[in-house]
Amino acid sequence: MAGADEKFMQVSMGPQHPSTHGVLRLLVKTDGEVLSSIKPYIGYLHRGLEKIAERVTYPQFTPFTDRLDYLASMNCNLAYAMTVERLLGIEVPRRAQIIRVIMAELNRISSHLIAFGSLSADMGAFTPFLFGIREREFINDLFEMACGARLTYNYIRIGGVSQDIPGGFIEKAREFLDYFPPKIKEYNDLISYNSIFIKRLADIAVIRPEDAFDYGITGPNLRASGIPWDLRRDEPYLVYGELDFEVPVGRGEMGSTGDAWDRYMMRIYEMEQSAKIVRQCLAMLEPGDHTAKVPKVLKPPAGEVYVRAENPRGELGFYLISDGSTKPYRLRIRAPSFATLSIVPKLGKGVMIADLVAIIGSLDIILPEIDR
Amino acid sequence: MEAKKIYEILSGRFGSAIQQFQENTLPPSIVVGHQAIVEVCDFLKKAEELEFLSLICLSAVDMQEKGKMAVVYHLGSMRQRHTIVLKVELDRGSPHVRTVGTVWPVAAWYEREAYDLLGVVFDGHPDLRRILMPEDWEGYPLRKDYVYPKRYHTWDV
Amino acid sequence: MIGLVRDIVTSLGNAGPLVRLLVTVAIMLASALIVLGIVLLYEGFATYAERKVAGDIQARIGPNRVGPYGLLQFVADGVKLLLKEDIIPFYADRWLFVLAPYIVFTASFAAFVPLSYSEHVYVADLNVGVLYIIAISSVVSMAILMGSWGSNNKWSLFGGMRAVAQIISYEIPIVLSLLAAVIVPASLDMKDIIGCQAGGLGIFRWLLFNNPFTLLAFFVYFIAAIAEVNRTPFDIPEAESEIVAGYHTEYTGMRFAFFFMAEYGDMFVVSALATTLFLGGWQVPFIGGLAMPVWLRELLEVAVFFGKVFLLIYVMMWIRWTLPRLRVDQLMDLCWKYLTPIAFFNLIGASIWVLAFHGKGVYDLIAGLYAH
Amino acid sequence: MSAVPSTVHLLFFYFFAAMTIASALLVVLLRNIVQSAFALFFTLFGVAGIYILLGADFVGVTQVLIYIGGVMILIVFGVMLTHNSYSVDIFNRLGTLVMGTISAIVTFTIIYYAIRQVPWRLIGYKASIPTTRPIGTLLMTDYLLPFELASVLLVLAMVGAAYLIRSELRVGKERKDRDKRGAGLERKDA
């Protein structure tokens, strides 16, 4: 039972564990229920995407980005498409831009629904998860209308989107927007303000702003620490600059700023804002092309770009180096969850096993993106 | 702040360690000598008007034709709203550079990845192990001259 | 049952001792088998009900394939569990691993014995019935520890430790609040306790309404009872998202089913105990005084008893599918810092009440006022 | 219980007696210390059964509640949490075996003669009567002093145990503080 260090018990949490959100292995040393150290082991899902990118052409890599963060493939597609467009200097038609924003925000909602649901499930409440799934179905239906797929969409392509949105999409999307916001209130009643839930999450694993910077934390987790930074607002891409939305920031409503509850609540707030954005975009839609004129064979000039976009889990960045051929010379993927996971050993000292689950759940990491 | 100005500040302070300013990349990049990288990073993080608090990304790039191995640091400042790219070029035969994990802790993981996939050795790194590949993997897969293995233990690859 | 045995054996007259012995044993076995059958049937339907209730709460349908409304789902599950491979981990402590599920199930089954289902339907009329149930359910914690140690799995060990700590701790508020009720009829015998709750406009002589302390005792008991049977929000010993199902991680097939059935059996027992002690047991409200054939009365009493028990079980299910789970230290806090002191003062208060009013309840006192 | 025909009574008695003796033997003979701790469970359970057969249902149930629900758990916990309880192997060396046998024989002889010497008052079979109330009354009247003394002893033991735990916590805290002071020199965990 006792390992080398006889006071502690060494337990391997994962690679197969219900609440590590994929195949993540945490080697934890515990003194009873209290953790003294955590060592994450990753790479179980390593598929060598960066290597693959060097052997396929630019458009051929788009489907691989679907598999980065499979809960938000639209956003991953978008970030990659924007990177290549930046390199090629393609201007995307306005209609395509708006469609992209609609899709990205709908996908953000569906991704946050899973995040909120799986955190609740980790906390032992399974019902919110199924509520989240129920609303996610609606979004999946919408995506299926647009591109035929329900998980890996491959819809946003270099130069625009693969096809224009079908008839009836706008009506159905409006229907969703009327249906969805009341559900958020339902979630709040059911779980967000549940006192057990608050007790489990408030003041747990507080990330102070300086730690958030040091560990490269981005997205909702960063905003939960009280830093109002959102690429959609601060480095606007597509039509985000014209839209009216707020960037919610953690205020430590139930404990200290940057605790697990704040991180959880960021997602709830962001879903509201995303719904607002989609509504505005639907009103902005006007006839036009759904894609720019993109040559059959893409041969970007030699050069390098780094483009980042606000994904549901933080900033997804692509560092793309082109040598003038049809294939990327080097494609580096900066995955938000990778950086986020690196703070876990720091947060997990002296907490209990149950808190570790809360930490991982509230950071909302996704493994395919970490392992690439 | 403009990248050009950051370059000027840096060259004013570090002199010949700041080697080159490349405007054709996006965002513009500054090539830094590998001996000075930790000091440069530390300065960029702490200097008042620069405040590069976040290391957005750290990548290693195999520049086979030049016989170099580059390590690229994408830095950003949320308060000052500017970004900059630092590059260090290393000898491809034995790429060694000092770790910036002391400046930004997240670099520890990025550096492990760069070590894992491209074999860049970060001196002073407390825990330089493979991170994505199995610990007993041979070779560095993202190098351009990487030869795919036929077998790994008992499996055909 | 003993009465029945006595009657039958007496009617045998001067039969030889061997015949008497065989008849006695046969009757005992038969009644045990009948109870076992009923218990198993109940447990089957309880799992079905659990899934239907969960489905209802989570906006799903629940089991609906096997039989009408999925009613035979539990039969299919039972067959599946019987056919499953029976895995004993190589490094398990074989004896303890194999023995534990049987002990758990036996203990949970044995707790059905002293329950009084109607005036004349009961298995054994123990004069220490209440104490017997508490004692026999403490065996469960022993067996859980056995199984968790026998599995030779660290997660199981965590689960076992948690289970034992929890069950032992929560036994204190349970016993104390039961005592607060038991001192009114001044008996530990189920029949006496139920007998004293007759009349009073149907429900007002229930011990629940006897005095303010018993009312409080009921709630303390019920909360502690949920913890005693390891159900959400107190299901930390088998918290799937934290310690991977705890003490039954390594169990498969029928062995797992024994643990599972024991949980439902325990739910019935604690609810039945609450019904007996606080909710008037099989006392039929409002029509208790009416004249009716004995068989009808008995039938009605059994139905009322089961109705009350199932109501409490339903509440447990409802809570389970609504609330998240507490953390292990919060659970202990709840027990030692809140429930136990409350139960203690409650017991003292109840004793003073019984002394001051000579055991009369609120209803009797008010009725006494009007009688003057 | 005793209203049940005596053959059944006897049957149950032999069952419980066999269970007690067999499991008691297991406690002594098993080599795995955890297993023998668990075997004690059956011993205690058998004793409880015999109590109930004697018409002392309250005592029997209390035996289960306290010995199995409390003492047993403590023993098992103690054994399990002891250092290296996995690998402890109890050897019955010849010397100890001989000594043990001799002392066991001596003890049993003494007990046997003691039992034979005491003039037991036999009350014969009687319908089982509730024992709870007389026990309670006796505890509050004739045996009040022993009862209270036992309670005081238990409270003392509890306070002592709590004190021991606390002092260990205190030591642990000091060590932790010391560790914290030296923490700056330690290498950072990646």
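Quantities reported herein were computed from a predicted structural model and do not represent experimental measurements. (Residues numbered from 1 in each chain as written. Chains lettered and ligands numbered in written order. Predicted model: local features only at pLDDT ≥ 70, side-chain atom pairs only at ≥ 80, totals over all residues. Heavy atoms only, no water.)

This part takes up the nonpolar core. By size, the foremost hydrophobic cluster in this structure holds 183 residues, and its most contacted members are Tyr155 of chain A together with Tyr73 of chain B. At 14 residues, the largest contribution of residues to this core is made by helix α11 (residues 260-284) of chain A. When near neighbours in sequence (up to four residues on either side) are disregarded, Tyr155 of chain A contacts Met74, Asn77, Ile99, Met103, Ala146, Cys147, Val161, Ser162, Gln163, Asp164 and Ile165 of chain A. Listed in part, the 116 residues of the second largest apolar core include Val53, Ile133 and Ala181 of chain C together with Met72 of chain D. (Core = buried A, V, L, I, M, F, W, Y, C linked by side-chain atoms within 4.5 Å. Buried < 20%, exposed > 50% of the residue type's maximum accessible area, 1.4 Å probe, protein only. Helix = DSSP H or I, 4+ residues; strand = E, 2+ residues; numbered from the N terminus. Contact = heavy atoms within 4.5 Å.)

As a further point, take helix α4 (residues 94-122) of chain A. All names here are of chain A. Its 29 residues give α4 an end-to-end C-alpha distance of 42 Å, which sits within 8% of 42 Å, the value for a rise of 1.5 Å per residue. With 28 of 29 residues buried, α4 is to be regarded as a mostly interior element. Among the residues trailing α4, Gly124 stands out with phi positive, at a value near 95°. (Expected span 1.5 Å × (residues − 1).)

Further remarks concern the arrangement of the chains. Between all 5 pairs of chains that are in contact, chains A and B come out with the most contacts. One finds no contact linking chain B with chain C; the least C-alpha distance across the pair is 25 Å.

All right, on to the side chain of Ser192 of chain A then. Residues and elements named next belong to chain A. Relative to the assigned elements, Ser192 resides in helix α6 (residues 169-192). Residue classification places Ser192 among the buried positions, given a relative accessible area of 0%. A polar side-chain atom of Ser192 sits 2.8 Å from a polar atom in the side chain of Tyr264. Other than its neighbours up to four places away in sequence, Ser192 contacts Tyr187, Phe197, Ile198, Trp261, Tyr264, Met265 and Ile268. (Polar contact = N/O pair within 3.5 Å; in protein donor to acceptor, adjacent residues only side chain to side chain.)

Right, let's talk about the pattern of salt bridges for a bit. All names here are of chain A. Summed over the entire model, instances satisfying the criterion amount to 58 salt bridges over all chains. Note that Asp211 and Arg208 form a salt bridge whose closest N and O atoms lie 3.2 Å from each other. Where Glu246 meets Lys276, a salt bridge forms, and the shortest distance between an N and an O atom there is 3.9 Å. Here Lys276 lies in helix α11 and Glu246 lies in the loop between α10 (231-234) and α11, a separation of 30 residues in the sequence. One network of salt bridges, with partners in common, ties together Glu105, Arg108, Arg223, Asp230, Arg232, Glu270 and Glu310. (Salt bridge = Lys/Arg side-chain N within 4 Å of Asp/Glu carboxyl O.)

Taken together, the contact between chain B and chain A spans 43 residues of the former and 38 residues of the latter. A per-residue breakdown of the area chain B buries against chain A is headed by Met78, Trp109 and Leu132 of chain B, which together make up 21% of the total. For the interface between chain B and chain A, the tally reads 6 salt bridges. For Glu304 of chain A, the salt bridge goes to Lys87 of chain B, with nearest N and O atoms at 2.8 Å. The tally of links from chain B across to chain A stands at 18 residue pairs in polar contact (both at pLDDT 80 or more). Sorting the residues of the side of chain B that touches chain A by element identifies β3 (54-63), β4 (68-77), β5 (82-91) and α3 (107-118) of chain B as the ones contributing at least two each. A total of 9 residues in the side of chain B that touches chain A trace back to one element, the largest contributor, which is β3 of chain B. Grouping the amino acids of the side of chain B that touches chain A by side-chain chemistry returns 26 nonpolar, 7 polar and 10 charged. (Buried area = accessible area lost by both parts, 1.4 Å probe. Nonpolar A, V, L, I, M, F, W, Y, C, P; charged D, E, K, R; others polar.)

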